[in-house]
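# Close look at the chain arrangement
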Amino acid sequence: MKPAILGLRGRLLLLVLLAVIPAFVLIGYTAYQQRQQVAAEVDEQVLSIVRSAAREQRQLISTTRQLLMSMAQLPAVVPNSSRVHVCSDILSMLRKPNPYYTNFGVARPDGELFCSALPMHKAVNITDRSYFQRALESRDLGIGEYQIGRLTEEPAINFGYPVTNVDGEIVSVVFAALNLSWLEEMISNVELPDGASLMVIDNLGTLLARYPETGRAGESVRGEAVFQAVKRRDSETALTLQNKAGESVLYAVSPLHYSTSGRIYISIGIPAEMAFAGVNQYLYNSARLLLLVVLLVFAAAWFGGDILVLRRIRALKSAAEKLAAGDMSARSGLPRGSEELGQLAATFDDMAGTLQRTDRALRTLSAGNHAVVRATDEAGLLRALCDNIVTSGGYQSAWVGYRDEQNPRQVQLRVLAPQEDGVPADEQDPLDLLGSIEQDDNPVRSVIEQGEPFVCRELGHDPRMTPWRVMAEDLRINALVLFPLQVNHRIIGILGISSSDPDAFDTNEISLLEEAAEDLAYGIRTLRMSVAHEQAHATISHMAYYDSLTDLPNHSLFDEHLQTRIDKAQPTILLFIDLDRFREVNEAIGFHRGDSLLRDVGERINYFLPAEMLLARMRGNEFAVLVPGEKAGVVEKTIRDILAALDKPFNVNDLTLDVSVTIGVVRYPEHGSEVPVLIRRAETAVRQARNASESVAEYKPEDEELGQRRLSLATQLRYAIEQNELVLHYHPKIDLPTEKLCGVEALVRWDHPREGMIPPNQFIPLAEETGLIKPLTDWVLKAAMCQSTTWRWNNLRLPISVNLSARNLYDRHLVEKIEHMLSVCDTDVSLINLELTESALMINPDKSIETLHKLHERGFSLFIDDFGTGYSSLSYLQKMAVSVLKIDKSFVQAMLSGPDSLTIVSSTIAMAHDLGLKVVAEGVENEATWNRLKTLDCDVAQGYYITRPLPLAEFEAWLDESAYSTGFRRS
């Protein structure tokens with residue numbers, strides 16, 4: 001900062017000097033102003049004269065208007081030949097008391113004079129006069145210019161006013177001629193300044209009048225400067241001009257009269273020499289007096305400035321320097337007073353107090369922001385903020401209370417600062433100071449319910465705090481503020497701050513502290529959101545890596561673990577577990593029970609697995625186990641444990657279910673080094689196990705191409721069903737007692753357009769795995785029905801049996817579909833037999849019984865196929881509306897070589913006959929089996945001993961030739 005050149009005293013003297021200089025300038029300026037004033041006074045004096053003349057003219061015009069309007073009301077002014085003399089007499093009498101008017105008259109609308117105050121010696125027409133034309137056009141007062149009258153032959157201003165009848169038509173115009181005698185009279189009554197002169201001139205420079213008389217009316221003054229100035233100005237003006245003698249003359253000029261043909265001007269001139277005589281004497285006297293005053297002012301400024309101003313200014317300067325240095329307690333020490341410096345001192349001290357409190361609040365706000373930024377938990381944030389309010393802000397105490405979640409009208413202390421050592425927190429609870437929150441006047445209650453801060457300054461004098469005044473005095477609390485803490489539009493608690501300063505918590509301080517409270521609420525909200533986000537992240541992470549149904553690791557986590565072991569080149573074995581026939585189970589018992597079964601399966605497998613192994617639910621009914629290492633016997637033991645764990649039946653909602661699984665085994669790195677490849681090959685191993693009718697199979701690379709072929713066949717099979725590439729072969733059934741044909745079984749075959757006939761054992765299991773078994777069975781049913789109708793039309797009533805899959809059996813629309821097929825094909829229902837496997841029926845026996853009864857009621861004969869393999873009970877068999885049992889071919893083909901199979905066949909036949917059922921033996925391959933079945937009283941035989949399944953053409957040829965088909969020859 002540059003040092004000041006002058007101190008305060010020097011500046012005071014400089015101010016005096018600066019005050020003197022203008023004074024001297026003022027003297028000269030005053031003299032100038034006096035000259036201007038004299039000129040202005042002269043101008044005003046002469047202007048007042050010309051204004052008076054103008055006003056007199058305007059007054060005369062106004063008087064003339066009133067006079068003419070009165071004349072217009074006279075009946076005599078309405079033209080009538082009988083009234084001419086009356087009209088003239090009346091106008092003559094009006095002229096006598098009005099000497100300024102040279103004439104009055106009345107003219108018809110065509111301009112011809114009707115009557116006049118002056119005698120008319122000849123006819124006069126005033127159509128060309130402007131005042132007459134204006135009166136007719138405006139239907140009001142018309143004013144003309146100064147003209148020579150045709151009757152008076154004198155210069156005058158003429159006025160006209162229209163006279164109308166009751167219909168508003170103009171019947172005549174009254175007029176008056178005003179001369180300049182009024183102006184001569186007015187000039188004679190005015191005292192003009194010495195040397196002054198007055199002129200009246202028209203716009204052509206013709207002198208109409210001059211005073212004093214130095215010229216004759218009618219003379220031209222076009223060469224005088226005043227006339228040239230008048231031509232350049234149209235309005236009233238005052239100006240200084242040179243006369244012919246070269247002297248300066250002050251002129252005042254004003255228009256006296258306006259007309260369309262020109263104007264009349266009046267001017268008054270006063271010589272300038274006579275106006276400024278006293279100005280010089282005034283200038284001399286003023287300068288002497290000013291010099292004396294300057295000397296006195298210099299002396300007063302020198303001695304009085306130090307005593308009255310400088311000492312107090314220095315005190316304020318010292319206090320301001322301390323305040324600027326950071327000493328917020330600095331004050332001026334000057335007495336407060338009503339004079340300016342006393343008010344300045346008081347204002348400074350008040351400002352310093354406000355700055356001190358604002359600084360305290362700012363430090364609190366800054367420390368609070370730091371606490372919010374650094375806080376990692378809510379309790380730590382509350383503690384840090386309250387400590388900062390006391391230590392950084394310098395307040396007496398700070399505390400935070402939260403509303404009770406169970407009782408929102410109760411507030412519980414969470415944090416208090418300062419916390420006195422050795423004193424229990426409940427004894428320091430500031431809420432005790434404020435009494436019970438249940439009281440209506442309790443400040444805490446008002447803050448919670450209204451959501452507005454509670455501020456109490458000078459607590460000892462605040463009537464609201466009367467109940468707590470004594471306790472507050474004991475704690476030296478002189479000011480108190482309570483702020484609501486609002487989080488997510490809900491008040492969760494209160495921030496309280498107390499101070500020993502009774503002037504604490506002014507408006508600015510409250511605003512900053514309220515911002516600190518809002519920052520605290522923001523910090524609480526942020527921390528709670530952070531906790532919620534962490535919980536949500538944990539939940540999302542769990543959902544991303546754990547199965548929501550079984551809470552086991554899902555395929556993503558399993559893949560990551562497997563990839564980690566691959567990255568570390570750690571040998572690993574993958575067991576892929578697939579629940580057998582789970583799709584049929586789901587359809588039979590419902591998805592909710594299927595989900596319960598999956599949970600139970602997962603829990604049971606996981607229970608038997610060692611901790612180092614990872615069990616995951618992959619997709620649907622698939623589980624996988626990650627077995628680390630390649631220790632001998634570990635995999636085999638794990639598989640045995642899994643199978644043993646699942647051997648015990650499951651109880652799902654009071655329903656007992658047996659569960660079997662197929663396990664595929666792959667090894668890293670032997671079977672692949674990529675996760676997707678290992679998973680795919682584990683699934684392939686499951687299929688390999690199923691194809692081999694095994695529970696467990698290790699992946700065989702040579703079957704990979706077969707798997708790809710199966711996938712391709714699945715796609716082609718769907719197309720084959722839709723495009724009718726399938727055909728039916730018919731397998732005859734022979735009644736054993738009569739050895740005659742009693743029916744056929746329709747068996748589907750796939751005649752592939754490129755690969756030829758594909759065996760059923762290749763595409764039927766594929767259809768079951770892919771879900772195509774349902775549309776496939778629908779196709780067979782419809783094709784068999786249509787063929788039965790064709791035979792019936794050809795007088796061949798041969799029953800056809802069709803196999804129903806489990807999917808079709810549990811299709812809720814099965815009966816409706818069959819009804820539709822019967823209608824479309826026009827099929828006799830008695831010629832269609834439906835065969836259902838025992839295992840399919842036992843998936844959901846109750847549902848099966850219900851469906852079988854519906855089909856039986858419709859007229860279908862129902863067969864139980866593959867009987868003996870499905871573990872059906874006699875009680876269920878009695879309830880099922882079936883008429884025939886088909887013994888599985890595995891028992892029939894082995895009954896001659898194995899006593900157990902023979903016992904099963906014989907007992908099944910006996911049991912069926914006891915129940916009133918017929919028996920069909922499948923798989924009759926030779927004569928010995930044929931003969932043995934006859935001795936066991938079996939009803940029907942079916943097998944290659946009779947013939948293989950035949951295409952339609954070959955079967956119909958067989959009908960014509962075979963000894964079994966007597967009675968079924970085509971007509």
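Residues numbered from 1 in each chain as written. Predicted model: local features only at pLDDT ≥ 70, side-chain atom pairs only at ≥ 80, totals over all residues. Heavy atoms only, no water.

By definition, a disulfide links the sulfur atoms of two cysteine residues through a covalent bond. Taken as a whole and assessed by the stated rule, the structure comprises one disulfide. Note that Cys87 is cross-linked by a disulfide to Cys115, the S-S spacing being 1.8 Å. A residue pair is termed long-range when its members are at least 10 positions apart, and Cys87 in helix α2 (residues 84-95) and Cys115 in strand β2 (residues 113-116) qualify at 28 residues. Grouping residues by exposure puts Cys87 and Cys115 together as buried. (Disulfide = S-S within 2.5 Å. Helix = DSSP H or I, 4+ residues; strand = E, 2+ residues; numbered from the N terminus. Buried < 20%, exposed > 50% of the residue type's maximum accessible area, 1.4 Å probe, protein only.)

Here we take up the sheet that holds strand β11 (residues 397-403). The five strands are arranged β12-β11-β15-β14-β13 in an open sheet whose pairing can be described as antiparallel. Every interior strand has two partners, whereas the edge strands, β12 (411-417) and β13 (454-456), have only one. Between one strand axis and the next, the sheet turns through 20° on average, direction left out of account. As paired strands, β13 and strand β14 (residues 479-487) are joined by three bridges and run antiparallel to one another. The residue bridging Cys456 from the neighbouring strand is Leu480, located in β14. (Pairing = 2+ DSSP bridges. Axes fitted to C-alpha atoms, helices over the stretch in contact; angles between N-to-C directions.)

Now for the environment of Ala417. Relative to the elements of secondary structure, Ala417 occurs in strand β12. For Ala417, a relative accessible area of 1% corresponds to the buried category. The spatial distance from the C-alpha of Ala417 to the C-alpha of Ile389 is 8.3 Å, given a sequence separation of 28 residues. Not counting residues up to four positions away in its chain, the partners in contact with Ala417 are Arg383, Cys386, Asp387, Val390, Ser397 and Ala398. (Contact = heavy atoms within 4.5 Å.)

Turning our eyes to something else, we now look at the packing of helix α15 (residues 591-608) against helix α16 (residues 634-647). Relative placement of two packed helices is described by the angle separating their axes and the distance separating the axes. Interaxial distance between α15 and α16 falls to 9 Å at its minimum, and their mutual angle equals 135°. In terms of orientation, α15 and α16 fall into the oblique class. Judged by the twist between their axes, the crossing of α15 over α16 is right-handed. The residues of α16 that touch α15, namely those facing Val601, Arg604, Ile605 and Phe608, are Asp641, Ile642, Ala645 and Leu646. Partitioning the contact of α15 with α16 into residue classes produces six nonpolar, no polar and two charged. (Parallel < 35°, antiparallel > 145°, perpendicular 65-115°, else oblique. Left-handed = near helix turned anticlockwise from the far one by under 90°. Nonpolar A, V, L, I, M, F, W, Y, C, P; charged D, E, K, R; others polar.)

In contact at an axis separation of 10 Å, helix α22 (residues 814-825) and helix α24 (residues 845-858) are set at 25° when each is read in the N-to-C sense. As summarised for this structure, α22 and α24 are arranged roughly parallel, according to the angle between their axes. By crossing handedness, the relation of α22 to α24 is classed as right-handed. Residue-level inspection shows Leu814, Val815, Ile818, Glu819 and Leu822 of α22 in contact with α24, the latter providing Thr851, Lys854, Leu855 and Arg858. Among the residues forming the contact of α22 with α24, the class breakdown is five nonpolar, one polar and three charged.

The next thing to look at is the side chain of Thr851. Among the secondary structure elements, Thr851 is positioned in helix α24. If near-sequence neighbours (up to four positions away) are discounted, Thr851 is found in contact with Leu809 and Leu814.

Across all of its chains, the model carries 19 salt bridges by this definition. The closest approach of N and O atoms between Lys886 and Glu745, which form a salt bridge, is 3.1 Å. On the criterion of sequence distance, the pair formed by Lys886 in strand β29 (residues 884-887) and Glu745 in strand β24 (residues 740-752) is long-range, its members being 141 residues apart. A salt bridge links Glu922 to Lys886; the nearest nitrogen and oxygen atoms lie 3.3 Å apart. In this pair, Glu922 sits in strand β30 (residues 918-922) while Lys886 sits in strand β29, placing the two residues 36 residues apart along the sequence. It is possible to trace a salt-bridge network through shared partners that takes in Lys733, Glu745, Glu835, Lys886 and Glu922. (Salt bridge = Lys/Arg side-chain N within 4 Å of Asp/Glu carboxyl O.)

Residues Leu726, Met785, Ile818, Leu834, Phe860, Leu933 and Phe955 are the most contacted members of the largest nonpolar core, which totals 81 residues. Looking at this core element by element, the count peaks at eight residues for helix α20 (residues 773-793). Among all residues touching Leu726, those that are not within four sequence positions of it are Leu717, Ala720, Ile721, Val748, Arg749, Trp750, Leu776 and Trp779. Ranked by size, the runner-up nonpolar core spans 36 residues in total, among them Leu381, Val400, Val487 and Ala516. (Core = buried A, V, L, I, M, F, W, Y, C linked by side-chain atoms within 4.5 Å.)

Once that is clear, we can look at the packing of aromatic side chains. Taken as a whole and assessed by the stated rule, the structure comprises ten aromatic pairs. Ring geometry for Tyr730 against Phe955: centres 5.7 Å apart, planes inclined by 35°, an arrangement best described as tilted. With Tyr730 in strand β23 (residues 726-735) and Phe955 in helix α29 (residues 952-961), this residue pair connects regions lying 225 residues apart in the sequence. For Tyr730, a relative accessible area of 2% puts it in the buried group. With a relative accessible area of 0%, Phe955 lands in the buried category. Judged by centre distance (5.9 Å) and plane angle (20°), the rings of Phe955 and Trp958 are stacked. Taken together, the residues Phe955 and Trp958, both in helix α29 and three residues apart, mark about one turn of the helix. You'll find Phe955 and Trp958 in the same group, each marked buried. (Phe/Tyr/Trp six-rings, centres within 6.5 Å; stacked < 30°, edge-to-face > 60°.)

Caution is warranted with low-pLDDT regions, since their predicted coordinates should not be read in detail. Averaged over every residue, the pLDDT of the protein is 80; residues scoring 70 or more account for 83%. Element-level mean pLDDT values for the protein span from 55 in helix α9 (residues 430-433) up to 95 in strand β31 (residues 940-942). (pLDDT = per-residue confidence, 0-100.)

Among the ten residues in β23, nine count as buried, and that is most of the element. Here β23 runs beside β24; their pairing, made up of ten bridges, is antiparallel. Each bridged residue has a counterpart across the sheet, and for Ile734 the counterpart in β24 is Leu741. As defined by bridge partners, β23 adjoins strand β32 (residues 950-951) across two bridges and the pair is classed as antiparallel. Note on β32: the bridge partner recorded for Tyr730 is Leu950. Bridging between β23 and β31 involves two bridges; their strand directions are antiparallel. If you follow Ile734 over to β31, its bridge partner there is Ala941.

Relative to the elements of secondary structure, Gln45 occurs in helix α1 (residues 8-72). Judged by relative accessible area, Gln45 falls into the partly exposed class, the value being 34%. A sequence separation of 207 residues divides Gln45 from Ala252, and the C-alpha atoms of the two residues are 8.9 Å apart.

This paragraph deals with empty space enclosed by the protein. Counted according to the given criterion, the structure contains two cavities of 30 Å³ or more. Counted as a void, the largest cavity has a volume near 150 Å³. Around the largest cavity sit 13 residues that line it, and Gly149, Arg150, Leu151, Asn158 and Phe175 are the ones nearest its centre. A class-by-class count of the residues in the lining of the largest cavity yields seven nonpolar, four polar and two charged. (1 Å grid on protein atoms, 1.4 Å probe; cavity = no way out; pocket = protein on both sides within 12 Å on 5 of 7 lines; lining within 4 Å. Points joined across faces, edges and corners; volume = space filled by probe spheres on them.)

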